[in-house]
Amino acid sequence: MGRAGRSAGEVFRYLEAQPIIDIKKTAAVLQMAFGTVNAAVNRLKEAGILRQSNQEAGRNRIFAYEAYLDILREGT
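K.L.:
Is there a simple way to think about the overall build of the protein in this case?
P.N.:
A count of helical and extended segments in the protein gives four helices and three strands. Secondary structure elements in the protein, listed N-terminal to C-terminal, are α-β-α-α-β-β-α. On C-alpha atoms alone, the protein measures out to a radius of gyration of 12 Å, which is about the 11 Å that the 2.2 N^0.38 rule sets for 76 residues. Counting only C-alpha atoms, the protein reaches 40 × 25 × 25 Å along its principal axes. Here the protein holds 76 residues, and 36% of them are scored as buried. The long-range fraction of contacts in the protein, counting pairs at least 24 apart against all pairs at least 6 apart in sequence, stands at 44%. Within the protein, the 8 negative side-chain charges are centred at a point lying 9 Å from the centre of the 11 positive side-chain charges.

Structure follows, in structure tokens:
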């Protein structure tokens, strides 16, 4: 993931506890800049790990770690 690998890794680890995220809240919790988290989320989205789960554009986008959520949904 290039230079953004470290921040993408931090966001990825956060996804284990919070598989549905928005960038603003994630940035606040991880104490990272909005732009840094946005870039990390875009890289995770390009890698097929995250999927935008709403149709809004801009700063109110919500992303889901669908593969993880599917595992959690099994048997329920």
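K.L.:
Honestly, the sheet that holds strand β3 (residues 62-64) in this entry has me stumped. Any pointers?
P.N.:
Either a parallel or an antiparallel arrangement is found when strands of a sheet pair, and the pairing is made through backbone hydrogen bonds. A sheet is described by the order of its strands in space; here three strands give the open sequence β1-β3-β2, paired in antiparallel fashion. Taken across any chain shown, the strands that pair with only one partner, and hence form the sheet edges, are β1 (20-22) and β2 (51-52). Two elements, β2 and β3, share two bridges in a ladder whose sense is antiparallel. Across the sheet, Arg51 pairs through a bridge with Ala64, a residue of β3. Running over the sheet, helix α2 (residues 23-30) touches β1 and β3 and is turned about 90 degrees from β1.

K.L.:
Hey, could you run me through the packing of helix α1 (residues 5-17) against α2 in this one?
P.N.:
Describing two packed helices takes the angle between their axes plus the distance from one axis to the other. Contact geometry of α1 with α2 gives a least axis separation of 11 Å together with a crossing angle of 100 degrees. What the angle tells us is that α1 and α2 run roughly perpendicular. Two secondary-structure elements touch here, α1 through Glu10, Val11 and Tyr14 and α2 through Lys25, Thr26, Val29 and Leu30. Residue composition of the contact of α1 with α2, grouped by class: four nonpolar, one polar and two charged.

K.L.:
How do you make sense of the nonpolar core when you look at a structure like this?
P.N.:
In globular proteins that are soluble, nonpolar side chains generally tend to be buried together. Formed by 15 residues in total, the largest nonpolar core has its most connected members in Val11, Leu15, Ile21, Val37, Val41, Leu50 and Phe63. Those residues in contact with Val41, other than ones at most four positions away along the chain, are Val11, Ile21, Ile23, Leu50 and Phe63.

Calculation notes
- Residues numbered from 1 in each chain as written.
- Predicted model: local features only at pLDDT ≥ 70, side-chain atom pairs only at ≥ 80, totals over all residues.
- Heavy atoms only, no water.
- Helix = DSSP H or I, 4+ residues; strand = E, 2+ residues; numbered from the N terminus.
- Rg over C-alpha atoms; globule rule 2.2 N^0.38 Å.
- Buried < 20%, exposed > 50% of the residue type's maximum accessible area, 1.4 Å probe, protein only.
- Contact = heavy atoms within 4.5 Å.
- Lys, Arg positive; Asp, Glu negative; His and termini not counted.
- Charge placed at Lys NZ, Arg CZ, Asp CG, Glu CD.
- Pairing = 2+ DSSP bridges.
- Axes fitted to C-alpha atoms, helices over the stretch in contact; angles between N-to-C directions.
- Parallel < 35°, antiparallel > 145°, perpendicular 65-115°, else oblique.
- Nonpolar A, V, L, I, M, F, W, Y, C, P; charged D, E, K, R; others polar.
- Core = buried A, V, L, I, M, F, W, Y, C linked by side-chain atoms within 4.5 Å.

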